[in-house]
Amino acid sequence: MANKDDEFLKRLLVTFAVEAQEHVQGICSGLLRLEQNKDTAEARAELVETVFREAHSLKGAARAVNLIPVETLCQALETVFAALKKDELSLSVGVFDLLQEVLDYLGAVLLTAGAERTHKDKLQQRQLVSRLEGVLKGETQKEESSHRATGVAPPPVITDLPEVPVAEMTNVVPLLPETIRVATHRLISVLLQSEEMLGAKLSSAERLLHMRSTSAVMGSWRKEWTKLLPVVQQCRNSVNSVSPREHMSGTAEKQTTLGKLLDFLDWNSDFINSLETRFTAQLKTTEKDDRLLDGMVTSLLDDVKQVLMIPFSSLLEILPKIVRDLSRTYAKKIEVIITGEKIEIDRRILEEMKDPLVHLVRNCIDHGIESPDERSAKGKPPLGTITITVAPRDNMVELTVVDDGRGISLARVRSAVLKLGKLSEEMVTELSHQELLAQVFQSGITTSPILTEISGRGLGLAIVRQKVGKIGGTVNVVSSSDFGTTFRMLLPLTIATFRGILVRVGERQFVIPAMYVERALRLFPGEIRNVENRKTISLAGVPLSLASLAAVLELPAPLADKEISPQLQIVVLNSSEIRIAFQVDEVLGECEVLHKGLGPQLSRVRNVAGVTLLGNGHVAPILNVIDLLASAIKMSAVTTRPEGTVDTLSPAAEIRSILVAEDSITTRTLLKNILESAGYRVSTAVDGLDALTKLKCNRFDIVVSDVEMPRMNGFDLTARIRADKNLQDLPVILVTALASREDRERGIDVGADAYIVKGSFDQSNLLEVLHKLI
Amino acid sequence: MDAITPRGEADRKRIFRKRAELLARETDQHEREEEQIDVVEFILSGEQYAIESAYVNAAHSMKDLTQLPCTPPFVLGVVNMRGKILSVIDLRVFFELPRRALSDLNMLIVLQNDTMKFAILADVIVGSRRIPRTSLLATLPTLTGIRAEYLLGITPERLVVLDGGKVLCDSRMVVHEEV
């Protein structure tokens, strides 16, 4: 255990060292600027505020890693800056010197963080603290001169510091991480490019698939050839055993020709065999390449994502230690419960959230949670709880910090607001409770009656709001007396990944974030009950409303799949206590989702949260489950139409089936959608040849074909249909962009039943023609 | 016309300077008259349109369009453009042009300003050209509604030049719908 703690502390120290240097640098440059004294009073006030905050943050961070000397010094620094803020102190050259000296000392201590401290160090630190305290008492000059006179004061920075740290630095440097700063936009550009590599990976996989199917075709050739072999052998025998009599009758010549043919067949078989061997070898190579590419792209993507994403846990794991140490100091009993820490978030956001989170937790301990005695008196369990929850919300991540303490005293907030003097008493009384509560985010507002070493300056929450606002998030607070306080932060989730369930509705695919999917199941249609004209299913004895995802998404009701599966595919979605079952056509699997926004033009789309790249390189919409549930409830309130109304377009009679031949996928999909929503069963073919093959395997009531297609165009397809005795009566509609009279005539010549020009082609036109023909 | 008489170096310099100034001024005027705008010309439902190049970020062939549910008819869907998602707008809906079926041959013109970015659909991109601003006619009485609002002008050869700035800034283009 001790080992584990040590290990953890070591890791924290590394992180701390980097951060602390930034804070020291911030204070340093702020002070230098102040010393130059070129700014306006306003700018100076801002600078003082900045250095104050930096010192405050550094103090907090030092506390988290148990660096008492740094913390003590920062506390002293902060007191000086606080006095500066209140204009209770003017800065003389001597004070600036002292402050810089402190900073240099801090810098040196930070470099050696974690190492044994010498007696000399401790002495120096004590002196610095007492001198800082002296500054506040107005003793700067005296102290300084007395130190100088006695020679106790550390020699000036320039001569002293290089000696001590340089020697130690050589030992300690490896502790510092080898980090490099790269502009985030560059990283993002790298990320986007890596994502595009998915395309290469996918096309390779697809090529492999094609090659395998070609290989399978070879197999069928072999089968046919093997079947034919006895016949070939027979022929060969008969050629070899030609009797002399037959020589006479001229059959000999025929036999020689046959012999040649047989020879060719043998050669042909050898040829195809060698071709197959070569092809198989290539297939093997392609398989190898594909595996290699797959592995490379996957690991590249993982690595690039690693660069940008870190789980919340890397931030949250510092909290238990802070809570443990602080609660010990305050003699309080507190446990921390953290959930959702595995959710990954852009590291920039996490970095910004560090200070706010530490402040909030500290507030919980100092102001929120009562002492065990007080809690017992109130009838609460002596063990106080701080709950930190990370959960996705719409396009954001919600980070909540909840304590079960005494809550924020509105009376104290009110008096603090009045004390600050920015609002008149009249204005303050007009504020609603919530508005008054929101005042806690003002700089300088504190409800703490005493100023302690860790809080009470009324700065923490101001920092929280500033930082959260900077990253485009929001923070609000809810508090009720004796029940505790909830701080809720909504943070943007620029590039967060999560698991998603990929579902299919008709031809379209959608991703549902997995955290909302309670379960997926299959049901027989008989298990659906109508309750008050609404469809319900029963799940573990609990009735659930059933909605069609297609209907909620306002998509045409898909009919094509009804016969394929006797069972219905259901996914049960759940968010904040609302559960609804949604019927989909198919659950395709689980996938990793990289959320991408829809761009500025699609600021908010109903039921759609964003899109993600699928494994096959296509883009699929990510559904907004909170919207879906709301839409489903709204729909069931509006429409109570009984099942079956959709089918009224093709009453009672069997569903007619249509074959659509079209080479453009968009048009194909469009046609399929139009026709399916009109109640037809639709199959598709990518060109004339494909259509002809499908016509020979299945029965269709009508063919709708494009004219311009590769391999076999619409005219040829029509001609072939008319020439086939099984198909000659099949109605054919040609849909085309060719509007010339000659083309129309040619269409009629080859035997098409209708010729629709795309320019004049709208739904009703096509449907009308279809209705006439079948 | 003045003949140059040898009246000495100073005079000659003065005359040349005068002429130079005159020439410079004339050129200036000339250019102002002939102020050119760069446009990208495209075909939409068989009609000729153009949009100022200043707002055109890129042009691509349209592939792998993903339709989005619950969007207004003028939103065709989204495409993945080198890892960035771009929404595709169908101006035909606004212009009440016949909507032909889409194919992989359709083109996308990416429009962008500081705050907005989306692509508009085109049948074909004809190319970019310069047209003199003065040649643009204000409008035609037949152009009404939104088409007149987006209009920058019409060239004598009836090329409809759209105002990219207005198209991009139109708040009606932005989809923001709650359930």
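Just above, that's the structure.
Here we summarise the structure given alongside this text.

What counts, and at which threshold
Residues numbered from 1 in each chain as written. Chains lettered and ligands numbered in written order. Predicted model: local features only at pLDDT ≥ 70, side-chain atom pairs only at ≥ 80, totals over all residues. Heavy atoms only, no water. Helix = DSSP H or I, 4+ residues; strand = E, 2+ residues; numbered from the N terminus. Buried < 20%, exposed > 50% of the residue type's maximum accessible area, 1.4 Å probe, protein only. Contact = heavy atoms within 4.5 Å. Polar contact = N/O pair within 3.5 Å; in protein donor to acceptor, adjacent residues only side chain to side chain. Buried area = accessible area lost by both parts, 1.4 Å probe. Salt bridge = Lys/Arg side-chain N within 4 Å of Asp/Glu carboxyl O. Nonpolar A, V, L, I, M, F, W, Y, C, P; charged D, E, K, R; others polar. Pairing = 2+ DSSP bridges. Expected span 1.5 Å × (residues − 1). Lys, Arg positive; Asp, Glu negative; His and termini not counted. Axes fitted to C-alpha atoms, helices over the stretch in contact; angles between N-to-C directions. Parallel < 35°, antiparallel > 145°, perpendicular 65-115°, else oblique. Left-handed = near helix turned anticlockwise from the far one by under 90°. Phe/Tyr/Trp six-rings, centres within 6.5 Å; stacked < 30°, edge-to-face > 60°.

1. Quick look at the overall build of chain A
Counting its regular elements, chain A contains 26 helices and 24 strands. Among the 774 residues that make up chain A, the fraction classed as buried is 45%. For chain A, long-range pairs separated by at least 24 residues make up 69% of all intrachain contacts whose partners lie at least 6 apart in sequence.

2. Concerning the side chain of A:Thr485
Note that A:Thr485 resides in strand E7 (residues 484-492). A distance of 3.3 Å separates polar atoms of two side chains, one belonging to A:Thr485 and the other to A:Ser479.

3. Some words on the interface of chain B and chain A
Contact with chain B, which involves 34 residues of that partner, is made by 36 residues of chain A. Roughly 3,000 Å² of surface becomes buried between chain B and chain A when both sides are summed, with 61% attributable to carbon and sulfur atoms. Contact with chain A buries area across many residues of chain B, yet B:Pro69, B:Cys70 and B:Val179 alone supply 23% of it, more than any other trio. The interface formed by chain B and chain A holds one salt bridge in total. One salt bridge connects B:Glu177 with A:Arg606, and the closest N-O pair in it is separated by 2.9 Å. Seen at the junction of chain B and chain A, the total is nine residue pairs in polar contact (both at pLDDT 80 or more). Elements with a contribution of two residues or more to the side of chain B that touches chain A: strand E4 (75-81), strand E5 (84-89), strand E7 (117-122) and strand E11 (175-176) of chain B. No other element matches E5(B), which puts four residues into the side of chain B that touches chain A. Class assignment of the residues belonging to the side of chain B that touches chain A gives a composition of 17 nonpolar, nine polar and eight charged. Note: strand E17 (residues 602-604) of chain A against E11(B), two bridges, orientation parallel. When the bridges of E11(B) are listed, A:Leu602 appears paired with B:Val175.

4. Focus on the pattern of salt bridges
In this structure the tally under the stated criterion is 36 salt bridges over all chains. With a shortest N-O distance of 3.6 Å, A:Arg236 and A:Asp263 are connected by a salt bridge. In this pair, A:Arg236 sits in helix H9 (residues 184-240) while A:Asp263 sits in helix H11 (residues 251-308), placing the two residues 27 residues apart along the sequence. What makes A:Asp263 partly exposed here is its relative accessible area of 45%. Among the ionic pairs, B:Arg92 bridges to B:Asp90, the shortest N-O distance being 2.9 Å. Of the residues examined, B:Arg92 reaches a relative accessible area of 2% and is grouped as buried. Judged by its relative accessible area of 0%, B:Asp90 falls in the buried class. A single salt-bridge network, built from bridges that share partners, covers A:Glu370, A:Glu374, A:Arg375, A:Lys378, A:Lys380, A:Asp404 and A:Arg406.

5. Some remarks on helix H2 (residues 41-64) of chain A
Helix length check: H2(A) (24 residues) gives 35 Å between terminal C-alpha atoms against 34 Å at 1.5 Å per residue, within 8%. Following H2(A) by one or two positions, A:Asn66 has its phi on the positive side, about 65°.

6. Things to note about the side chain of A:Arg508
Here A:Arg508 is to be found in strand E9 (residues 508-513). Although buried, A:Arg508 forms no salt bridge, and the nearest oppositely charged side chain, A:Glu507, lies 9.0 Å from it. Ignoring anything within four residues of it in the chain, the contact list for A:Arg508 reads A:Val503, A:Leu555, B:Gln67, B:Leu68 and B:Pro69.

7. Some points on the packing of helix H23 (residues 688-697) of chain A against helix H24 (residues 714-723) of chain A
Residues and elements named next belong to chain A. It is at 9 Å that the axes of H23 and H24 come closest, and there the two elements cross at 25°. On the basis of the axis angle, H23 is roughly parallel to H24. You can see that H23 and H24 cross each other, and the crossing is right-handed. Note on element contacts: H24 touches H23 through Leu-717, Arg-720 and Ile-721, opposite Gly-688, Ala-691, Leu-692 and Leu-695. For the contact of H23 with H24, the class distribution of residues is five nonpolar, one polar and one charged.

8. Examining the pairing of strand E1 (residues 36-44) of chain B
Residue and element names in this part refer to chain B. Bridge count between E1 and strand E8 (residues 124-132): eight bridges; the pairing is antiparallel. Paired with Asp-38 across the two strands is Arg-130, which belongs to E8. Count of turn residues in the E1/strand E2 (residues 47-52) antiparallel hairpin: two residues, of which Ser-45 carries a positive phi of about 50°.

9. Here's the deal with the packing of aromatic side chains
The description of an aromatic ring pair uses the distance of the two centres, along with the angle that the planes make with each other. Residues and elements named next belong to chain B. Applying the stated rule across the entire model yields eight aromatic pairs over all chains. Plain terms: the ring middles of Phe-42 and Tyr-49 are 6.0 Å apart, the flat faces sit at 20° to each other, and that makes the pair stacked. Given a relative accessible area of 0%, Tyr-49 falls into the buried group. The rings of Phe-42, Tyr-49, Phe-74, Phe-94, Phe-95 and Tyr-150 are connected pair by pair, giving a single aromatic cluster.

10. With respect to H23(A)
Every buried residue belonging to H23(A) is among A:Gly688, A:Asp690, A:Ala691, A:Leu692 and A:Leu695, and all of these are buried. Taken together, the buried residues of H23(A) touch strand E20 (657-661), strand E21 (681-685), strand E22 (702-706) and H24 of chain A.

11. Thoughts on the sheet that holds strand E2 (residues 334-339) of chain A
Residues and elements named next belong to chain A. With respect to topology, five strands assemble into an open sheet ordered E2-E4-E5-E7-E6, the strand pairing being mixed. Every other strand in the sheet has two partners, leaving E2 and strand E6 (474-480) as the edge strands with one partner each. Adjacent strand axes in the sheet meet at a mean angle of 15°, parallel and antiparallel pairs treated alike. Where strand E5 (residues 396-403) and E7 come together, eight bridges link them in antiparallel fashion. Bridging across to E7, Met-396 finds its partner in Pro-492. On the sheet, helix H13 (residues 319-329) packs against E2 and strand E4 (384-393) and is oriented at approximately 170° with respect to E2.

12. So, the packing of helix H3 (residues 68-85) of chain A against helix H4 (residues 93-111) of chain A
All names here are of chain A. The interhelical angle for the contact between H3 and H4, taken along N-to-C directions, is 155°, at an axis separation of 11 Å. Here H4 runs roughly antiparallel to H3, going by the angle between their axes. Relative to H4, the crossing made by H3 is left-handed. Where H3 approaches H4, its residues Val-70, Leu-73, Cys-74, Leu-77, Val-80 and Phe-81 are matched on the opposing element by Leu-99, Val-102, Leu-103, Tyr-105, Leu-106, Val-109 and Leu-110.

13. Notes on the environment of A:Asn713
Residues and elements named next belong to chain A. Mapped onto the fold, Asn-713 is located in the loop between E22 and H24. Separated by 51 residues in sequence, Asn-713 and Glu-662 place their C-alpha atoms 9.6 Å apart. For Asn-713, the side chain forms a polar contact with the main-chain nitrogen of Asp-716, separated by 2.8 Å.

14. Quick word on the sheet that holds E5(B)
Residues and elements named next belong to chain B. Here we have five strands laid out as an open sheet, ordered E3-E6-E7-E5-E4, and mixed in their pairing. With one partner strand each, in any of the chains shown, strand E3 (56-61) and E4 form the two edges of the open sheet. The mean angle between the axes of side-by-side strands here comes to 30°, regardless of whether they run parallel or antiparallel. Of the pairings in the sheet, the one linking E3 to strand E6 (residues 107-112) comprises five bridges and is antiparallel in character. Residue pairing for E6: His-60 is matched across the bridge by Leu-108.

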